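# Residue-level structure breakdown
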Amino acid sequence: MDGFKEIAEKMVIYQLRTGWLSIAKMYNDMAVQEGGTMSMAFILLTINDEFGTPVTKIAPRMGMEPNSLSRILNSMEKKGAIYRRKDKADKRKVFICLTDYGREIRDTALRVVMGLETEIVKDIDPKKMEAFFEVMEHLPKAIERVKNMEKSLLE
């Protein structure tokens, strides 16, 4: 044995990655049953039910590139989950709105997400949850520092 698993299991990044892969697999398996994907479900969760959401706000909320988002939105529109509405005052502004079918799928996605959230936190001491979020707050800063280190090495 090369000791990889023993070392990896003590690394934050390994735990984050394997945990997220498990969650993503579960979400995708469920989404496929509805004819969609996990990304589609999360996009539905970002859309304001009453007014729709400007298309320019969805990618940043999802942490996605606009190109990827565009393909997914086109697919969602073909499936009848969303429609596009132009702003009356500014025709350049496009809102993504939910159809009745989109609302149904979103409600299912919300139930699944909240169900998993409940199961994860129900047996964890609140102080440990507080510590978890404290650790997670450090991620963006750490990522930025690594990016800057890599940049300076390339210069």
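What counts, and where the lines are drawn
Residues numbered from 1 in each chain as written. Predicted model: local features only at pLDDT ≥ 70, side-chain atom pairs only at ≥ 80, totals over all residues. Heavy atoms only, no water. Core = buried A, V, L, I, M, F, W, Y, C linked by side-chain atoms within 4.5 Å. Buried < 20%, exposed > 50% of the residue type's maximum accessible area, 1.4 Å probe, protein only. Helix = DSSP H or I, 4+ residues; strand = E, 2+ residues; numbered from the N terminus. Contact = heavy atoms within 4.5 Å. Pairing = 2+ DSSP bridges. Axes fitted to C-alpha atoms, helices over the stretch in contact; angles between N-to-C directions. Parallel < 35°, antiparallel > 145°, perpendicular 65-115°, else oblique. Left-handed = near helix turned anticlockwise from the far one by under 90°. Nonpolar A, V, L, I, M, F, W, Y, C, P; charged D, E, K, R; others polar. Salt bridge = Lys/Arg side-chain N within 4 Å of Asp/Glu carboxyl O. Lys, Arg positive; Asp, Glu negative; His and termini not counted. Polar contact = N/O pair within 3.5 Å; in protein donor to acceptor, adjacent residues only side chain to side chain.

We now examine the nonpolar core. Within the largest apolar cluster, 16 residues are counted, with the highest numbers of intra-cluster contacts made by Ile43, Leu44, Ile47, Leu69, Leu73, Met76 and Ile82. Contributing elements (two or more residues each) for this core: helix H3 (38–46), helix H4 (55–62), helix H5 (66–79) and strand S3 (94–98). Examining the composition of this core, we find that four residues originate from one element, H5, more than from any other. Contact partners of Leu44, with chain neighbours within four places excluded, come to Met76, Ala81, Ile82, Leu98, Gly102, Ile105 and Arg106.

Spatially, three strands are ordered S1-S3-S2 in an open sheet, and the strand pairing comes out antiparallel. Two strands in the sheet have a free side with no partner beyond their single neighbour: strand S1 (53–54) and strand S2 (82–86). Contacts from H5 reach S2 and S3 within the one sheet, and its direction differs from that of S2 by about 110 degrees.

We now examine the packing of H3 against H4. Two packed helices can be described by the angle between their axes and the distance between those axes. Axis separation between H3 and H4 bottoms out at 10 Å; the angle between their running directions is 120 degrees. Taken as axis vectors, H3 and H4 run oblique relative to one another. As for how H3 packs across H4, the hand of that crossing is right-handed. Each of Ser39, Phe42, Ile43 and Thr46 in H3 lies in contact with H4, whose residues at this interface are Ile58, Arg61 and Met62. Within the contact of H3 with H4, the residues separate by chemical class into four nonpolar, two polar and one charged.

Now for the pattern of salt bridges. All chains considered together, the criterion is met by eight salt bridges. For Glu77, the salt bridge goes to Arg84, with nearest N and O atoms at 2.8 Å. Residue class for Glu77 comes out partly exposed when judged on its relative accessible area of 33%. Given the relative accessible area of 33%, Arg84 is considered partly exposed. Taken together, the shared-partner salt bridges connect Asp49, Asp100, Arg103 and Arg106 into one network.

Turning our attention to the side chain of Asp87. Inspection of the secondary structure puts Asp87 in the loop between S2 and S3. Summary of buried charges: Asp87 has no salt-bridge partner, and the nearest side chain of opposite charge, Lys93, is 5.0 Å away. Side-chain polar atoms of Asp87 contact the backbone nitrogen of Ala89, separated by 2.7 Å. In contact with Asp87, not counting residues within four places along its chain, are Lys93 and Phe95.

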